Amino acid sequence: MTLLSKTFSASFAPYNTFGEEEVQAGLAVLKKGMLSQFIGAWHPSFYGGEQVLAFEEAWQTAFQVPYAISMNSATSGLIAALGAIGLEPGEEVIVSPWTMSASATAILVWNGIPVFADIQERTFNLDPQAIEKNLSSKTRAIVVPDIFGHAADLKAILSLAQKHQLVVIEDASQAPGALYYGQYVGTLADIGVFSLNYHKHIHTGEGGMCVTRNPEYAERMQLIRNHAEAVAPGKGIQDLHNLIGFNFRLGEIEAAIGKVQLQKLPHVLQERIRLADLLISRLQALPGLRLPIIEEKCTHVFYVFPLILDLERLSLPRKTIVEALKQERIPGIVEGYANLHLLPMYQKKIAYGKNHFPWIGTQARSVCYDKGICPVAEKLHDESYMSFLISLFQLTEKDVDLIAKAFFTVWERFHLL
Ligand SMILES: *Cc1c(COP(=O)(O)O)cnc(C)c1O
């Protein structure tokens, strides 16, 4: 009996925001039989079908932006965005090592050179001072993730960009609906990109959305989304640079579902924030645990619940604590966050073919990806960062209590309380 009661098994319900509304929306499209209406030529249907147009309009209204361009993923959205700004082969784009891999590979797709700048420990986002240190005559743009659901230091980054005439692309995939000084994250930069893949706050299975206030970028993203080179003559487009088209088109079923999901976003965020706040308040009393920081005039939408261990104070390695938490049967606890610049592709500089293109073979400057270029990010990954993958679960208050109880049990076991 004592054995049984000693550990509890927390099995949290998997995250799910779908209900009858999504089923009906998808079914209506299926019944009509028009699963996509895009035409890859200059034609009224070049911009997509009824559901795609309606979903984009709904996104424009919700995020208060003049242009929203749907994509079949955020990866496609990032590629379209970097093409739209006219990135030249060999030009540099500054990006964070703490983001999903596509934030950086989208640069390589246009034969641009990713340059990794360090992060701030407070929010794990790009450090404006590190960006400044990495500027060169080749720097063209900055890809700014709003990582884990909290805005980057956008004021500093945007003013730096203005001073040096750089384009800013926000990767807001993890922060839909997060606020920064009263504005939606993703809408402050030249282009913002959102993900609608099934891990994200709201989703369409696979999908993405780009937003901008710039009509030229909007048009170029629409072209790149849908076979630009074939459309340009009919549309009478003279400026052809980077108008290599892809098929990044979103389907009608996904768009119809996306519209329903978008309506749910405020409620989804409210719940996520309420439970994350509850977890913060439950864990507050633990020594040596740095809880998520929410900067002034920002909201955190908690795609991830990030934590830092004060290892000096705890005098235990991170692994011991994480293993002990796992023994308490708390799922979704992970150590570290992989630094992109340390991936083999960057270490070996092998992307297109075998001969180091585009690092060699364009007009690129030599850039360094050695360990040591992003000391804050590297140290956090190697030593003290851990997280709770909050977006995997449909959490309840009871689950939050179980998580908190597990932390207290572990802290007690190691005489840390
Ligand atoms: C999920 C994610 C992406 C990629 O999104 P897809 O829609 O799967 O292509 C890009 N950047 C960040 C920061 C993400 O979290």
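All values derive from a computational prediction rather than experimental measurement. (Residues numbered from 1 in each chain as written. Predicted model: local features only at pLDDT ≥ 70, side-chain atom pairs only at ≥ 80, totals over all residues. Heavy atoms only, no water.)

Comments concerning the site of the ligand
Surveying the vicinity of the ligand reveals 13 residues, the closest of which are T75, D171, S195, N197 and K200. Residue S173 places a side-chain N or O atom 3.5 Å away from a nitrogen atom belonging to the ligand. Between the ligand and N197, the relevant distance is 2.7 Å, taken from an oxygen atom to a side-chain nitrogen or oxygen of the residue. Within the complex, 93% of the 380 Å² of free accessible area of the ligand lies under protein. When atoms are counted within 2 Å of each cavity's grid points, the one that captures over half of the ligand is the largest pocket. Here the shell around the ligand is built from residues that sort into two nonpolar, nine polar and two charged. (Near = heavy atom within 4 Å. Polar contact = N/O pair within 3.5 Å; in protein donor to acceptor, adjacent residues only side chain to side chain. Areas by Shrake-Rupley, 256 points an atom, 1.4 Å probe, with all protein chains shown as cover. 1 Å grid on protein atoms, 1.4 Å probe; cavity = no way out; pocket = protein on both sides within 12 Å on 5 of 7 lines; lining within 4 Å. Sits in = over half its atoms within 2 Å of the grid points. Nonpolar A, V, L, I, M, F, W, Y, C, P; charged D, E, K, R; others polar.)

Structural notes on the packing of aromatic side chains
All told, the structure shown has 28 aromatic pairs when counted by the stated rule. Each ring, one from W42 and one from F46, has its centre 5.7 Å from the other, and the planes form 70°; the classification is edge-to-face. Taking the centre distance of 5.3 Å and the plane angle of 75° together, the rings of Y346 and Y369 count as edge-to-face. With Y346 in helix α13 (residues 344-348) and Y369 in the loop between α13 and α14 (375-384), the pair connects residues that are 23 residues apart, well separated along the chain. Across this residue pair, the class does not change: Y346 and Y369 are buried. (Phe/Tyr/Trp six-rings, centres within 6.5 Å; stacked < 30°, edge-to-face > 60°. Helix = DSSP H or I, 4+ residues; strand = E, 2+ residues; numbered from the N terminus. Buried < 20%, exposed > 50% of the residue type's maximum accessible area, 1.4 Å probe, protein only.)

Overview of the nonpolar core
Counting residues in each nonpolar core, the largest one holds 102 residues, and the members touching the most others are W59, L82, F124, I142, I169 and M221. If one sorts the elements of this core by residue count, helix α4 (residues 74-84) sits on top with seven residues. If sequence neighbours within four positions are ignored, W59 has contacts with Q64, A68, F194, L196, I202, M209, V211 and L262. One finds L275, M386, L395 and V400 within the second-largest nonpolar core, a separate group that totals 35 residues. (Core = buried A, V, L, I, M, F, W, Y, C linked by side-chain atoms within 4.5 Å. Contact = heavy atoms within 4.5 Å.)

A look at the sheet that holds strand β4 (residues 139-145)
Taken in spatial order, the seven strands of this open sheet run β1-β9-β8-β5-β4-β2-β3, and their pairing is mixed. Of all strands in the sheet, those bounded by a partner on one side alone are β1 (67-71) and β3 (113-116). Each strand of the sheet is rotated relative to its neighbour by a mean of 25°, with strand direction disregarded. Relative to strand β8 (residues 191-195), strand β5 (residues 167-171) runs parallel, the two sharing three bridges. For I169, the partnering residue across the bridge sits in β8 and is I191. Packed onto the sheet, α4 meets β1, β2 (92-95), β4, β5, β8 and β9 (208-212) and runs at close to 165° relative to β8. (Pairing = 2+ DSSP bridges. Axes fitted to C-alpha atoms, helices over the stretch in contact; angles between N-to-C directions.)

Side note on the sheet that holds strand β11 (residues 305-309)
Within the open sheet, the four strands sit side by side as β10-β11-β13-β12. Their pairing is antiparallel. Taken across any chain shown, the strands that pair with only one partner, and hence form the sheet edges, are β10 (289-290) and β12 (333-335). Contacting β10, β11 and β13 (385-388), helix α10 (residues 252-283) runs over the sheet at an angle of about 20° to β11.

Overview of the confidence of the model for the protein
Any region with low pLDDT has predicted coordinates that should not be read closely. With 98% of its residues at a pLDDT of 70 or more, the protein has an overall mean of 96. Segment residues 1-7: pLDDT under 50, and three contacts once partners within four positions in sequence are set aside and those in other chains are kept. (pLDDT = per-residue confidence, 0-100.)

What to know about the pairing of β3
Because side chains alternate across β3, one face comprises the buried residues I113 and V115, and the other comprises P114 and F116, equally buried. When β2 meets β3, the two strands line up parallel, connected through four bridges. If you follow V93 over to β3, its bridge partner there is P114. Where the polypeptide runs from β2 across helix α5 (residues 102-109) and back to β3, its parallel neighbour, the crossover connection is right-handed. (Right-handed = clockwise from strand over helix to strand, strands pointing away.)

Things to note about the side chain of Q174
With respect to the secondary-structure elements, Q174 resides in the loop between β5 and β6 (179-180). A relative accessible area of 10% means that Q174 is categorised as buried. Within the structure, the side chain of Q174 is placed 2.7 Å from the backbone nitrogen of F148, a separation counted as a polar contact. Discounting chain neighbours no more than four positions away, the residues touching Q174 are D146, I147, F148, G149, K200, H201, V301, Y303 and Y337.

Looking at the pattern of salt bridges
What the rule picks out here adds up to 17 salt bridges. A salt bridge links E397 to R274; the nearest nitrogen and oxygen atoms lie 2.6 Å apart. In this pair, E397 is assigned in helix α15 (residues 397-413) and R274 in helix α10, connecting sequence segments 123 residues apart. The shortest N-O distance in the salt bridge between K379 and E383 comes to 3.3 Å. With K379 and E383 both in helix α14 and four residues apart, this pair spans about one turn of that helix. Look at E383 and you get partly exposed, because its relative accessible area is 38%. (Salt bridge = Lys/Arg side-chain N within 4 Å of Asp/Glu carboxyl O.)

What to know about the layout of surface pockets
Reported here for the largest pocket is a volume of approximately 570 Å³. In terms of lining, the largest pocket is formed by 33 residues, of which the most central are M100, Q174, H199, K200 and Y303. Among the secondary structure elements, those contributing two or more residues to the lining of the largest pocket are α4, α5 and β13. Sort the elements by how many residues they give to the lining of the largest pocket and α4 lands first, with three residues. When its residues are assigned to classes, the lining of the largest pocket shows 16 nonpolar, 13 polar and four charged. (Points joined across faces, edges and corners; volume = space filled by probe spheres on them.)

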